[in-house]
Amino acid sequence: NDKILSIIKEESSKIKSYINKINQSSINMTLEIEKANIHKCLYRSLDNLSDKYMQQINIKKSFDPSIPEVYFNNDKLIKCFENILINSFENKMVSNVSIITKINHSIFIRSEELQKVLKLPIHIKFIDDGPEINEDLERFMFYPFVTNKNYSEGLGLTFVNLVVSKYGGYLKYEREQDKSSFNIYLPLVKNRRSVN
C-alpha cells in the first residue's frame, strides 16, 4: 500500500506541474508582435536543432520566396517550428523530413473549434516519412499530455496550437500517402500592434 501511495503521490505531483505549465502558457499569451520572416525563423529552428537531431535525417526544403513577412513573435514562431520538427525527429522511423512554404490566396480553412471559415493564404507544411499517427491519438493530439512517446510531457503540439491560433492561424494534421503532415496556415495581416 505504501508503494502504491508513493506512486500516486509522485504522479499527482507530475500532473500538478504539467497543469501549472499549461496555465502559465495560457496566462502569458499576450504576445508581442513584430514582423517575422518565416524562412529566417525556419532556418533558425533548424540551426537550433541540428546538433542534437539531424545527423541521420535528410531535410528537404522547398521555400516560396514570394511569401511576405508576417506579424508574429519571432521567438514564438521559431519555438513552434522546433516543436513540430522535434515531433518528427524523435520518431526513430523517420529518415526524411520535407519543409514546404507556399502562398495561395484562394485557401480557406474551416475551423470546427471557431465555427467559421478562415482565409489563411500562407501555408507552412512539415511532412515526414514516419508512420501515420494512430486515429485514436489523432483526435486529441493538440490537447495537453497526449503523447505516444515514453519520455514526453505531451505539451509541444499543444503549445504550437495555442500560439498559432492566438495569432489568427490554424494548425492541422493530415495523412498523406502513408506520411504524416503538420500544416500551419497563417493570415496576411497589413498592420497589427498587439495580440490580447
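Below or above, wherever it landed, is the structure these notes cover. (Residues numbered from 1 in each chain as written. Predicted model: local features only at pLDDT ≥ 70, side-chain atom pairs only at ≥ 80, totals over all residues. Heavy atoms only, no water.)

Side note on the overall build of the chain
The helix and strand inventory of the chain stands at five helices and nine strands. Buried residues in the chain amount to 40% of all 196 residues. For the chain, the proportion of contacts with a sequence separation of at least 24, taken over those separated by at least 6, is 75%. A total of about 12,100 Å² of accessible surface is found on the chain, and carbon and sulfur atoms cover 47% of it. (Helix = DSSP H or I, 4+ residues; strand = E, 2+ residues; numbered from the N terminus. Buried < 20%, exposed > 50% of the residue type's maximum accessible area, 1.4 Å probe, protein only. Contact = heavy atoms within 4.5 Å. Areas by Shrake-Rupley, 256 points an atom, 1.4 Å probe, with all protein chains shown as cover.)

A look at the nonpolar core
Counting 40 residues, the largest nonpolar core has Ile38, Phe81, Ile124, Phe126, Ile184 and Leu186 as the members making the most contacts within it. Of all elements in the fold, only helix H2 (38-53), strand E3 (70-72), helix H3 (74-89), strand E4 (96-103), strand E7 (122-128), helix H5 (156-166), strand E8 (170-176) and strand E9 (179-186) reach the threshold of two or more residues within this core. Among the elements that take part in this core, H3 stands out by supplying eight residues, more than any other. Within the second largest apolar cluster, six residues are counted, among which are Ile107, Ile109, Leu118 and Leu120. (Core = buried A, V, L, I, M, F, W, Y, C linked by side-chain atoms within 4.5 Å.)

Observations regarding the side chain of Asn83
Tracing the backbone shows Asn83 in helix H3. When neighbours within four sequence positions are excluded, Asn83 is seen to be in contact with Gly156, Phe159 and Val160.

A closer look at the environment of Leu49
Position of Leu49 among the secondary structure elements: in helix H2. Judged by its relative accessible area of 5%, Leu49 falls in the buried class. Placed 37 residues apart in sequence, Leu49 and Ile86 show a C-alpha to C-alpha distance of 8.0 Å.

What to know about the state of the cysteines
What the rule picks out here adds up to zero disulfides. Cysteine Cys41 remains unbridged, with the sulfur of Cys80 as its closest cysteine sulfur at 9.9 Å. Exposure remark for Cys41: the relative accessible area of 2% places this residue in the buried category. (Disulfide = S-S within 2.5 Å.)

Considerations on a nonpolar patch on the surface
There is a patch of nonpolar side chains on the surface, built from Ile4, Leu5 and Ile8 and spanning about 310 Å² of accessible area. Along the chain, Ile8 turns up in helix H1 (residues 2-27). (Patch = residues over 30% accessible without salt bridge, like charges linked within 9 Å, V, L, I, M, F, W, Y side chains within 5 Å. Salt bridge = Lys/Arg side-chain N within 4 Å of Asp/Glu carboxyl O.)

Here we look at the packing of H3 against H5
Where H3 contacts H5, the axes come no closer than 9 Å and their chain directions differ by 145°. Regarding H3 and H5, the two cross each other, and that crossing is left-handed. Of the residues in H5, those touching H3 at Lys76, Lys79, Cys80, Asn83, Ile84 and Asn87 are Gly156, Leu157, Phe159, Val160, Val163 and Val164. (Axes fitted to C-alpha atoms, helices over the stretch in contact; angles between N-to-C directions. Left-handed = near helix turned anticlockwise from the far one by under 90°.)

Considering the packing of H2 against H3
One way to put it is that H2 packs onto H3 with a least axis distance of 9 Å and a crossing angle of 45°. With respect to H3, the element H2 is oriented oblique. Regarding H2 and H3, the two cross each other, and that crossing is right-handed. Across the interface between the two elements, Ile38, Cys41, Leu42, Arg44, Ser45, Leu46, Asn48, Leu49 and Tyr53 from H2 touch Asn74, Leu77, Ile78, Phe81, Glu82, Leu85, Ile86 and Phe89 from H3. Class assignment for the residues of the contact of H2 with H3 results in 12 nonpolar, three polar and two charged. (Parallel < 35°, antiparallel > 145°, perpendicular 65-115°, else oblique. Nonpolar A, V, L, I, M, F, W, Y, C, P; charged D, E, K, R; others polar.)

Just distances and angles here, no functional claims.
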